[in-house]
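Structure at a glance
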Amino acid sequence: MRQAGTYSGILSGGISGRTGPHLLPLARIKKIMKKSGDDVKMISGEAPIVFSKVCELFIEELTQRSWIVTMQGKRRTLNKEDVTSAVMATDVFDFLVNLVSDSANTVVDATPLETDTFKSP
């Protein structure tokens, strides 16, 4: 089996030795990838690992932006409406607007978020 190269910093870390270096289930990610289209037949072993890390980063970013909305509302519990507001206020998440606006039952505040609190990698 091929060993990970120096570029594979994403292979280190993880929750425990039992689950491996990834936080999301690779088998589930691979299954979703295969269901994405009839043309997808073969998937390299590295692709689900990269998708796992990308999903982790996406969830982290969306959660941080949603938490800012929660704190602006002077609350300590993140709600669905906070996620909706974060999506509506962030240009990067425009692809999710239809998804969250369909499920939102209330009017959300779509004012731009202050992103000064985020650290740049």
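Residues numbered from 1 in each chain as written. Predicted model: local features only at pLDDT ≥ 70, side-chain atom pairs only at ≥ 80, totals over all residues. Heavy atoms only, no water.

What follows covers the side chain of Thr 70. Along the chain, the position of Thr 70 falls in helix 2 (residues 47–72). Apart from residues lying up to four places away in sequence, Thr 70 is in contact with Arg 75, Arg 76, Thr 77, Leu 78 and Asp 82. (Helix = DSSP H or I, 4+ residues; strand = E, 2+ residues; numbered from the N terminus. Contact = heavy atoms within 4.5 Å.)

This structure, assessed with the given rule, holds two aromatic pairs. Considering the side-chain rings of Phe 58 and Phe 95, the 6.2 Å spacing of their centres and the 40° angle between planes classify their relative orientation as tilted. Here the residue Phe 58 occupies a position in helix 2, and Phe 95 occupies one in the loop between helix 3 (80–89) and helix 4 (97–103), the gap between them amounting to 37 residues. By relative accessible area, which is 33% here, Phe 58 ends up partly exposed. Site record: aromatic cluster; members linked through ring pairs are Phe 58, Phe 93 and Phe 95. (Phe/Tyr/Trp six-rings, centres within 6.5 Å; stacked < 30°, edge-to-face > 60°. Buried < 20%, exposed > 50% of the residue type's maximum accessible area, 1.4 Å probe, protein only.)

Further remarks concern a nonpolar patch on the surface. On the surface, Phe 58, Ile 59 and Phe 95 cluster together to form a nonpolar patch covering roughly 310 Å² of accessible area. Mapped onto the secondary structure, Ile 59 falls in helix 2. For Ile 59, a relative accessible area of 45% gives the class partly exposed. (Patch = residues over 30% accessible without salt bridge, like charges linked within 9 Å, V, L, I, M, F, W, Y side chains within 5 Å. Areas by Shrake-Rupley, 256 points an atom, 1.4 Å probe, with all protein chains shown as cover. Salt bridge = Lys/Arg side-chain N within 4 Å of Asp/Glu carboxyl O.)

Bringing the pattern of salt bridges into the picture now. Within the structure shown, the criterion is met by three salt bridges. Between Glu 56 and Lys 53 there is a salt bridge, with its nearest N and O atoms 3.9 Å apart. You can see Glu 56 and its partner Lys 53 sitting in helix 2, three residues apart, about one turn around the helix. Here Glu 56 falls in the buried class, since its relative accessible area comes to 18%.

With 68% of its residues at a pLDDT of at least 70, the chain reaches an overall mean of 79. Long-range and interchain partners of residues 10–19, a stretch whose pLDDT sits below 50, account for 15 contacts in this model, where long-range means more than four residues apart. Segment residues 116–121: pLDDT under 50, and five contacts once partners within four positions in sequence are set aside and those in other chains are kept. (pLDDT = per-residue confidence, 0-100.)

Looking now at the packing of helix 1 (residues 26–35) against helix 2. As a packed pair, helix 1 and helix 2 sit with axes 9 Å apart at the nearest point and diverge in direction by 100°. On the basis of the axis angle, helix 1 is roughly perpendicular to helix 2. When helix 1 is examined against helix 2, the residues Leu 26, Ile 29, Lys 30 and Met 33 are found in contact with a partner set consisting of Ala 47, Pro 48, Ile 49, Phe 51 and Ser 52. Residue classes in the contact of helix 1 with helix 2 are distributed as seven nonpolar, one polar and one charged. (Axes fitted to C-alpha atoms, helices over the stretch in contact; angles between N-to-C directions. Parallel < 35°, antiparallel > 145°, perpendicular 65-115°, else oblique. Nonpolar A, V, L, I, M, F, W, Y, C, P; charged D, E, K, R; others polar.)

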